[in-house]
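Survey of secondary and tertiary structure
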Amino acid sequence: MRTSCPCWRRRCRPGPRRAGCTRSEPTLPPPPCRGSRASPRAPCRPLWTLAITLPPAPSWRTTLSTSWGRWVNGSCLWATIPGKTSSLKSSTALCRSRPLTSKTCTRWTTASCSTSTPPVSAVVGDDWDVLVAHFLGVDHCGHRFGPDHPAMADKLTQMDGVIRSVMERLQDDTLLVVMGDHGMTDTGDHGGESQKETDAALFLYSPSAIFPGPPTEDEPDVVPQTDLVPTLALLLGIPIPFSSVGQVLLPLFPPQEQNQGAVRRLSQLEALWINTKQVHRFLQTYSSLSSDIPPESLSELKLLFSRLSSDYLGSVGAGLPPSPHLSSSLQAYLTSVRDTCRATWARFNPAKMAAGLAVLTFACLACFVMSELSAVLTEEKRLGLKAPVAAAITIGVIAAAAVQLVARGYVEAVWCLAAGAFASEALFLWRAWRLNRPAVLKNGAKVSKLSARRLLAPSLAVPLLRCASLLSDSYVIYEGRVVTFLLLSLALYVPVRLNWDGHLVPLTPDPLKSAGLLPSPALTLAAVRKESGSLIGCLGGLVLCACVSLSFHGCREEQGGCTPSPFLSPLSRLQDSQLKNLYYILSVVSLGVSAYLLRLWLCHYGNLNSSGGTAFAARWVLPLLCVCAGLHWAVSATREDGFRKLAELIRVAQLALPRAAFALLGLGLCLIWADPLTVFLKTRAAASARSPALPPRYRASTGISPQAELRHLIPQIYQHMRRSLEDGETGGGGEEDGRPAVEAYGLGTVYSAPLLLLCGLLGVGLLLLHPEGMALAFLLLLLEMAALLHIHAAAANLRRSPAAKTGVFSVAWTPVVLWSLAASQFFHSTGHLPTFPSIQWGAAFVGFPDGHSGTVLPACLVTLNTFASHILFAVGCPLLLFWPLVREVRGSRGVKGHGEEGEDAVMEMRLREKPQQFSAALLQLSTRYLFILGAQVFSSVCAAAILRRHLMVWKVFAPKLLFEASGFVVSCCFLLIGVTLVLRVDVAVGRWFKRLIPDASRTRLLGFSYKLPH
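Just so you know, these numbers come straight off a predicted model, no measurement behind them. (Residues numbered from 1 in each chain as written. Predicted model: local features only at pLDDT ≥ 70, side-chain atom pairs only at ≥ 80, totals over all residues. Heavy atoms only, no water.)

1. Brief notes about the overall build of the protein chain
Counting secondary structure elements, the protein chain contains 32 helices and 14 strands. Of all 1014 residues assigned to the protein chain, the portion counted as buried reaches 52%. The long-range fraction of contacts in the protein chain, counting pairs at least 24 apart against all pairs at least 6 apart in sequence, stands at 79%. In the structure as shown, the protein chain presents an accessible area of about 47200 Å², 62% of it carried by carbon and sulfur atoms. (Helix = DSSP H or I, 4+ residues; strand = E, 2+ residues; numbered from the N terminus. Buried < 20%, exposed > 50% of the residue type's maximum accessible area, 1.4 Å probe, protein only. Contact = heavy atoms within 4.5 Å. Areas by Shrake-Rupley, 256 points an atom, 1.4 Å probe, with all protein chains shown as cover.)

2. Thoughts on the state of the cysteines
Using the criterion set out here, one finds 1 disulfide in the structure. The partner cysteine of cysteine 555 in its disulfide is cysteine 562, sulfur to sulfur 1.9 Å. Looking down the S-S bond of the cysteine 555 and cysteine 562 bridge, the torsion is -65°, so its handedness is left-handed. Classification of cysteine 555 by relative accessible area gives partly exposed; the value is 24%. For cysteine 562, a relative accessible area of 30% corresponds to the partly exposed category. Cysteine 364 takes part in no disulfide bond, and the closest cysteine sulfur to it belongs to cysteine 367, at a distance of 6.5 Å. (Disulfide = S-S within 2.5 Å.)

3. Focus on the pattern of salt bridges
Summed over the entire model, instances satisfying the criterion amount to 12 salt bridges. Residue aspartate 227 is joined to arginine 338 by a salt bridge in which the shortest nitrogen-to-oxygen separation is 3.2 Å. Pair noted here: aspartate 227 is in the loop between β9 (222-224) and α6 (228-236) and arginine 338 is in helix α9 (residues 326-345), with a separation of 111 residues, a long-range link. Summarising the burial analysis for this pair, aspartate 227 and arginine 338 share the class buried. Between glutamate 557 and lysine 955 there is a salt bridge, with its nearest N and O atoms 2.4 Å apart. (Salt bridge = Lys/Arg side-chain N within 4 Å of Asp/Glu carboxyl O.)

4. Let's talk about helix α21 (residues 647-674)
The end-to-end C-alpha distance of α21, which contains 28 residues, comes to 41 Å, matching closely the 40 Å that a straight helix rising 1.5 Å per residue would cover. Every buried residue of α21 is listed here: Ile650, Ala653, Leu657, Pro658, Ala661, Leu664, Leu665, Gly668 and Ile672. Close packing links the buried residues of α21 with α20 (613-636), α23 (752-768) and α32 (953-996). (Expected span 1.5 Å × (residues − 1).)

5. Brief notes about the nonpolar core
Most often, soluble globular proteins have nonpolar side chains that are buried together. Counting residues in each nonpolar core, the largest one holds 152 residues, and the members touching the most others are Tyr751, Leu757, Trp819, Phe873, Leu881 and Tyr929. Counting residues in hydrophobic clusters, the runner-up holds 44 residues, among them Val223, Ala233, Ala271 and Val279. (Core = buried A, V, L, I, M, F, W, Y, C linked by side-chain atoms within 4.5 Å.)

6. Here's the deal with the side chain of threonine 231
Mapped onto the fold, threonine 231 is located in helix α6. Reaching out from threonine 231, the side chain makes a polar contact with the backbone nitrogen of leucine 249 at a distance of 2.9 Å. Leave out the neighbours within four places in its chain, and threonine 231 touches Gln247, Val248, Leu249, Leu252 and Phe253. (Polar contact = N/O pair within 3.5 Å; in protein donor to acceptor, adjacent residues only side chain to side chain.)

7. Looking at the environment of aspartate 576
Secondary-structure assignment places aspartate 576 in the loop between α18 (525-549) and α19 (577-604). Judged by its relative accessible area of 42%, aspartate 576 falls in the partly exposed class. Here the side chain of aspartate 576 touches glutamine 578 through a polar contact of 3.2 Å, landing on its backbone nitrogen.

8. Re the packing of helix α28 (residues 868-875) against α32
Direction vectors running N to C along α28 and α32 enclose 30°, while the axes themselves pass 7 Å from each other. The element α28 and its partner α32 pack so that their crossing is right-handed. Only Gly967, Val970, Ser971, Phe974, Leu975 and Gly978 of α32 make contact with α28, whose side of the interface consists of His870, Ile871, Ala874 and Val875. Across the contact of α28 with α32, the residue classes break down as 6 nonpolar, 4 polar and no charged. (Axes fitted to C-alpha atoms, helices over the stretch in contact; angles between N-to-C directions. Left-handed = near helix turned anticlockwise from the far one by under 90°. Nonpolar A, V, L, I, M, F, W, Y, C, P; charged D, E, K, R; others polar.)

9. Regarding the pairing of strand β8 (residues 200-205)
Here is the key point about a regular strand: its side chains alternate between the two faces of the sheet. Counting buried residues along β8, 5 of its 6 residues qualify, which places the element largely inside the surrounding structure. Bridging between strand β7 (residues 174-180) and β8 involves 4 bridges; their strand directions are antiparallel. Residue pairing across strands places methionine 179 opposite leucine 202, the latter belonging to β8. (Pairing = 2+ DSSP bridges.)

See below:
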């Protein structure tokens, strides 16, 4: 209602698209309670005060200067754009800032700063056209205490004083607008759809009488928030923003008959016509690019605009007064456009949301069930995993076709896909439930029942907590640091749990155990000390890498005081030559160290002795790829005007070097896939047999097929190899016919070596798509992967994993969760954020500086750049299965007759002894990793669906969902590549063993020596 003073008050209701506000939650202690109780209908928060100097006439090229302030816990940040010196197009580039300390307002509840704050003092000057002040005190107070707390009354009293002081200093040609962007509930929250949350206050005041007269009955008490944009734009004399669908507030403009005088302003009809033309232009452009607006509604709106345009232009051209109903017709048109757009843009389908959540839920459950029943699903006597999957897919296709037939083709394709997916997942879970019985494998090991209690394991509490936290916008904004904290917390849990179980600290020798009256411990005291020290050392390295990786984070728009990492800027943008050289040297050294560490590992385990394709890629392709990357960085960092005579050569180098690197990367990947074995065979003349040859446990005379014979014979060959090592044979046990013996180098790491090399090649290729400074971040990624693998292996050795005794291979939940957290951590530590402005679009032009003719290749390059950490950790996920075998302790005190170290470790060849358990462990590891990633996608979907009306849904939750879903798809693809490579190596190993055993000599005993690394 309008008061006696020349002001106007209305309630403002937010529109379908609301801009988010940046705020910092207060950390101050609660203020003392004093004053009267606040009104339940407290003004909305945060409070915006906008003072506008009205121009004498509308102008499309006006001088605009803004001064704005923002209060965060009592401090103000103040910036000024000088006016009266430049046009609107260039004035924003002349910004100067002057930060003020918190001494201006030491407490966000005190009223001492009501008249000394910069907005109040700046009103007196005449060097501004627009002044905006954003007060966050009401917002903080509402969040902390609610609208009915006495502290809110104190804050409102303070704000009343600020507004009163501003009103006393206003000039006659100034309009004061006090508004809020949202309301609050009785508990101080907002973001929902209730009236208390969507209604906000709107107050306008001017010292001079600019309002036409008393309010009429047809003036609404509530106006949409979108109406503020065109109203303020026309009052400033600038064009209405193109995408605005708001309607001007007519009470702020004089009627046509009252718009006479020395200073003429826009009349109500003129303002409506300008507004109508702008909305129609936007509607035409939008409808030409998108088809989501119903065609019948679009045609009606176009026809209505044509009629209104003829009426208005006809009356203006003839100099006749406009029709009395023209103004209301224009308002009706604007209202129709806004309602149509609102119905299109703010339309949600709860049924589809529920169906999608159901499909995701069943998919996550299917992954969990497969991980727990992997041993049962891979049994030879059963049909295995193929039958349930095939039946589920068949039922899914039938269900989708049935839905389409019943509906006679009128059902959307998405519903058919949902029905098929849901039916297939339900059938698979039903089949798995029937298999949920106690099972005993051939080796006597028992497979535990499927139980939901496993979800309550301490290691799964961290990902579940993270999934629940995705409902908070503050968590998503600071996710990079929070994920680092969760990673380190879970890593510290590993030694704490080992110490709790008595495995970390070596126990004091017991005389009863030494006498043989009690069983001896699994490891010697020296071995326990060594593994404990390795675990603690790797844990320290993990903490160091994680802390240093925080230096490579980017900054979101919501993080006010954040400064992005200087390593995110390409070297070509650095002006300081010394700093540029330092960054370049650091990048090249980091790349060289990464390649050196990888080659050192391969050389240590004997994998570089081979002459195959994988060893060739490690010896030549990897170094050449690093050289191309270093040269490309040097050329890219060269200034365009630095070497004018070599400009053409530099341009060619910028084109050729990255493409040569991509070609080398493709060559290396093809070599790894074509010849993945890194085993070197050395034959030598058999020495005189010093012991009689042991007969094989399996003979070919039983009448079993050659395929089954070979499957059983290969483990027996390796068993003889182990016995030959135990008996101290140096020349190998030869046959009576003098057949030569064999030494195999690199056989103990035959699975992990090509996988590590694949990660190394992909890492260098992905690094090319990043700024040069990210080389150190990729080195930290490699070191953190190694630290996690060593922590996992040391923990398995200290627990003395049952794989060494029963042959049951398994990867616990803790290392899988750590692996997934590390992937998310390095997504942020490589400069990426789940926001669209943070996408590094420059990756699309690496090797293609002149652009692309299509969109597929640049999209792939940007995707590889964005999800580099997801790719590397997904490809390297099978290493969690191999690393405990690679780092297995060579012996145990409990095995007698084998020397000081006891039984020799056979490393990854232990997997060949139990091929069925190998398949089960690989399936379990993959599905557990997918379950963790799927749970994150599910929680992101829940957050976006539940908070679809939240203030920050399009700013925080929707982008997070898109990035999480895209990362899940990329991770699934490259996890499949990693697992496929492992299976490819397994097939190659089988063929390698088959070549050593000719068909005519399968019943003979082959002397075999296995070369362990020195």
